[in-house]
Amino acid sequence: MPPFFGIGGAMTINEAIERVNALKYNQYSDEDKIIWLDRLDRSVMDQIIGTHEGAEEITFSGYTADTDRNTVLLVPAPYDEMYIRWLEAQIDYQNEEYDLYNVSITLYNNLFSYYSAVYNRDHMPIQRVKRLSF
């Protein structure tokens, strides 16, 4: 099995926040952005990593304002660009800039889908036992 995505070479919480702040003027706090990053990585854990063997080896309890800003996010480079697109989409949505939101969320969705496909290709899915109903 290939090494787990998310260990080494991935973006940190602080890097994601700094990059989106440099790319897109916004008035949202770092705490807001951490909440948004938490939501994204909970989705990654639930929809991608958690459905594959080896998920039990990953410890993820979410992010809060108290989380170390040097914490590495779950998705590695080059797929970690999804964090920037996700944060941009959240900013656009909160600003009610729906045309910009549609562009940002589409870019994010493409990256999420691509990462999901690569992860699915490289990791064995958990086999669920089907029960017969009589």
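The rules behind the values
Residues numbered from 1 in each chain as written. Predicted model: local features only at pLDDT ≥ 70, side-chain atom pairs only at ≥ 80, totals over all residues. Heavy atoms only, no water. Helix = DSSP H or I, 4+ residues; strand = E, 2+ residues; numbered from the N terminus. Contact = heavy atoms within 4.5 Å. Areas by Shrake-Rupley, 256 points an atom, 1.4 Å probe, with all protein chains shown as cover. Core = buried A, V, L, I, M, F, W, Y, C linked by side-chain atoms within 4.5 Å. Buried < 20%, exposed > 50% of the residue type's maximum accessible area, 1.4 Å probe, protein only. Axes fitted to C-alpha atoms, helices over the stretch in contact; angles between N-to-C directions. Parallel < 35°, antiparallel > 145°, perpendicular 65-115°, else oblique. Left-handed = near helix turned anticlockwise from the far one by under 90°. Expected span 1.5 Å × (residues − 1). Salt bridge = Lys/Arg side-chain N within 4 Å of Asp/Glu carboxyl O.

Chemist: Looking at this model, I keep getting lost on the overall build of the protein chain. Mind explaining?
Modeler: Counting its secondary structure elements, the protein chain contains four helices and two strands. What you see in the protein chain, going N to C, is helices and strands ordered as β-α-α-β-α-α. Nonlocal contacts in the protein chain, meaning residues at least 24 apart in sequence, comprise 74% of its contacts between residues at least 6 apart. Carbon and sulfur atoms make up 50% of the accessible area of the protein chain, which totals about 8,100 Å².

Chemist: Got a minute to help me understand the nonpolar core in this structure?
Modeler: Most often, soluble globular proteins keep nonpolar side chains buried together rather than apart. In terms of nonpolar packing, the biggest core is built from 34 residues, with Leu37, Ile49, Tyr83 and Tyr115 touching the most fellow members. Listed by contribution, the elements that provide at least two residues to this core are α1 (13-23), α2 (30-47), β2 (72-76), α3 (81-94) and α4 (98-122). Considering every element that reaches this core, the biggest residue donor is α3, with seven residues. Apart from the residues lying within four places of it in its own chain, the contact partners of Tyr83 are Met11, Ala16, Leu37, Leu40, Asp41, Leu73, Leu74 and Val75.

Chemist: Would you mind going over the packing of α1 against α3 with me for this structure?
Modeler: Helices that pack against each other are described as a pair by the angle of their axes relative to one another and the distance between those axes. As a packed pair, α1 and α3 sit with axes 9 Å apart at the nearest point and diverge in direction by 55°. As summarised for this structure, α1 and α3 are arranged oblique, according to the angle between their axes. Crossing of α1 over α3 shows right-handed handedness. Residue-level inspection shows Ala16, Arg19, Val20 and Leu23 of α1 in contact with α3, the latter providing Glu81, Tyr83, Ile84, Leu87, Glu88 and Ile91.

Chemist: What is the right way to look at α4 in this model?
Modeler: Owing to its 3.6 residues per turn, the α-helix brings residues three or four apart onto one side. Its 25 residues place the ends of α4 35 Å apart at the C-alpha level, agreeing with the 36 Å of an ideal helix rising 1.5 Å per residue. If you check which residues of α4 are buried, you get Ser104, Ile105, Tyr108, Phe112, Tyr115, Ser116, Val118 and Tyr119. Of the surrounding elements, those touching the buried residues of α4 are α2, β2 and α3.

Chemist: Sorry if this is basic, but what is going on with the pattern of salt bridges here?
Modeler: Proximity of charged atoms lets side chains of opposite charge pair with each other. For the structure shown, the criterion picks out eight salt bridges. Between Arg69 and Glu31 there is a salt bridge, with its nearest N and O atoms 3.5 Å apart. With Arg69 in the loop between α2 and β2 and Glu31 in helix α2, this pair connects stretches of sequence that are 38 residues apart. Among the residues examined, Glu31 registers a relative accessible area of 36% and is labelled partly exposed. One salt bridge in this structure joins Asp122 and Arg121, with 2.9 Å as the shortest N-O distance. Under the relative-accessibility criterion, Asp122 is labelled partly exposed at 21%. Each of Arg19, Glu81, Arg85 and Glu88 takes part in salt bridges that share partners, so that together they form one network.

Remember that the coordinates give geometry; whether it matters functionally is a separate question.
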